[in-house]
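Each chain, written out:
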Amino acid sequence: MIHYLEQELVDRVRTDDAIFQTMQSTLLEGISYWDLDRPGEQWFSVRLIGVLGYSRDEAPNTSAWWQGRMHPEDLGQALVALQNHEDDPSQPYDEVFRYRHRDGHLIWLRCRGQMLAGSPRRILGVYNDVTALTEAHTTLRRHNRRLRRSNQDLED
């Protein structure tokens, strides 16, 4: 049984554009909506475009633009994961990829997508910036390696 507050929120999202705008501007770094029947067409929220350092008028709503921001070493993995999800929507699309910010530095985005049932065929994507977490994890691994070497030196 659905909780009355959940139902109320669903109803408000349907009838009040401000609710959707609030959700996309506060909960996530961005949203995309991809037309699988016309795979060159993909819409990106303003916030997602902004995470990469661009403005709405600088970012065409094309999958080519988005893929062009992705680190080239990650693009193949992204396309394989997408195809796997398209072939079997029960297989989750939940990956972390590197993207090139407009100023040149790399950012890490967790990309989660879900193919929506029915026709037309669409994928809804949500994105979280995990750059700080990824960098902290890398730093921790580096410190752990140094600590292991230091411990080994002490034992020797």
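Predicted model only: the values in this text are computed from it and were never measured.

What counts and what doesn't
For every chain, the first residue of the written sequence is number 1, and numbering continues from 1 onward in sequence order. At least 70 in pLDDT is required for a residue's local features to be given in this predicted model, at least 80 for side-chain atom pairs to be given and counted, and no such filter applies to totals for whole chains, interfaces and linings, which use all residues. To get the side-chain values, all heavy atoms of the structure are used, and hydrogens and water are removed first. In this analysis, rings of Phe, Tyr and Trp, with Trp reduced to its six-membered ring, are considered paired at centre separations within 6.5 Å, and the interplanar angle assigns stacked below 30 degrees, edge-to-face beyond 60, and tilted for intermediate values. Runs of H or I in DSSP of at least four residues are treated as helices and runs of E of at least two as strands, each being numbered from the N terminus. For every residue, the accessible area obtained with a 1.4 Å probe (protein chains only) is divided by the maximum for its type, and the residue is called buried under 20%, exposed over 50%, and partly exposed between those limits. Here a strand pair is declared whenever DSSP counts at least two bridges between the two strands. In this description, a line fitted to the C-alpha atoms serves as the axis of each element, helices being fitted only across the stretch in contact, and the angle between N-to-C directions of two axes falls anywhere from 0 to 180 degrees. For every residue, the predictor states its confidence as a pLDDT score lying anywhere from 0 to 100. Think of a 1 Å grid over the protein atoms and nothing else: a 1.4 Å probe that fits but is trapped marks a cavity, an open set flanked by protein within 12 Å on at least five of seven lines marks a pocket, and residues with an atom within 4 Å of a point count as lining. Grid points are joined across faces, edges and corners, and a volume is the space filled by probe spheres set on the points. Each residue gets one of three labels, nonpolar for Ala, Val, Leu, Ile, Met, Phe, Trp, Tyr, Cys and Pro, charged for Asp, Glu, Lys and Arg, and polar for the others, Gly among them. Salt bridge, as used here: a side-chain nitrogen of Lys or Arg that lies within 4 Å of a carboxyl oxygen of Asp or Glu.

A. Just the packing of aromatic side chains, in detail. In total, this model carries six aromatic pairs according to the counting rule given. Note on Phe44 and Trp65: the rings are 5.8 Å apart at their centroids and 55° apart in plane angle, and the pair reads as tilted. Of the two residues, Phe44 is situated in strand E2 (residues 42-44) and Trp65 in helix H4 (residues 63-69); the sequence distance between them amounts to 21 residues. Phe44 sits in the buried class, given a relative accessible area of 0%. Note on Trp65: relative accessible area 9%, which makes it buried. On the numbers, 4.8 Å between centres and 40° between planes, the contact of Trp66 with Tyr99 is tilted.

B. Structural context of the sheet that holds E2. Reading across the sheet, the five strands line up as E2-E1-E5-E4-E3 and stay open at both edges, with antiparallel pairing between neighbours. This sheet does not close on itself; its edge strands, each paired only once, are E2 and strand E3 (93-100). Taken pair by pair, the neighbouring strands of this sheet meet at an average axis angle of 25°, ignoring direction.

C. Layout of the confidence of the model for the protein. Scored by pLDDT, the protein has a mean of 90; 100% of the residues are at 70 or more. Between the elements of the protein, mean pLDDT differs from a low of 82, seen in helix H2 (residues 17-26), to a high of 96, seen in E3.

D. Spatial organisation of unusual backbone geometry. A cis amide bond, omega 5°, links Ser119 with the succeeding residue Pro120. On the secondary structure map, Pro120 appears in the loop between strand E4 (106-116) and strand E5 (122-129).

E. Inspection of the layout of surface pockets at higher detail. Roughly 150 Å³ of volume is contained in the largest pocket. Residue lining of the largest pocket: Phe20, Met23, Gln24, Leu27, Leu28, Ile31, Leu124 and Val126, and that is the complete set. The set of elements that each furnish at least two residues to the lining of the largest pocket consists of H2 and E5. In terms of residue count, H2 provides more of the lining of the largest pocket than any other element does, three residues in total. For the lining of the largest pocket, the residue count by class is seven nonpolar, one polar and no charged.

F. Here's a closer look at empty space enclosed by the protein. Under the counting rule described, the total for this entry stands at one cavity of 30 Å³ or more. Lining the largest cavity are 19 residues, and of these Trp34, Gln42, Trp66, Tyr93 and Tyr127 lie nearest its centre. At the level of secondary structure, the elements contributing two or more residues to the lining of the largest cavity comprise strand E1 (30-35), H4, helix H5 (72-87), E3, E4 and E5.

G. Representation of the pattern of salt bridges in the model. Applying the stated criterion across every chain, the model contains 10 salt bridges. The partner of Arg98 in a salt bridge is Asp74, and the shortest N-O contact between them spans 2.8 Å. Taken as a pair, Arg98 in strand E3 and Asp74 in helix H5 lie far apart in primary sequence, 24 residues in all. Looking at Asp74, the relative accessible area reads 8%, which means it is buried. What emerges from the salt-bridge pattern is a single network uniting Asp37, Glu86 and Arg121.

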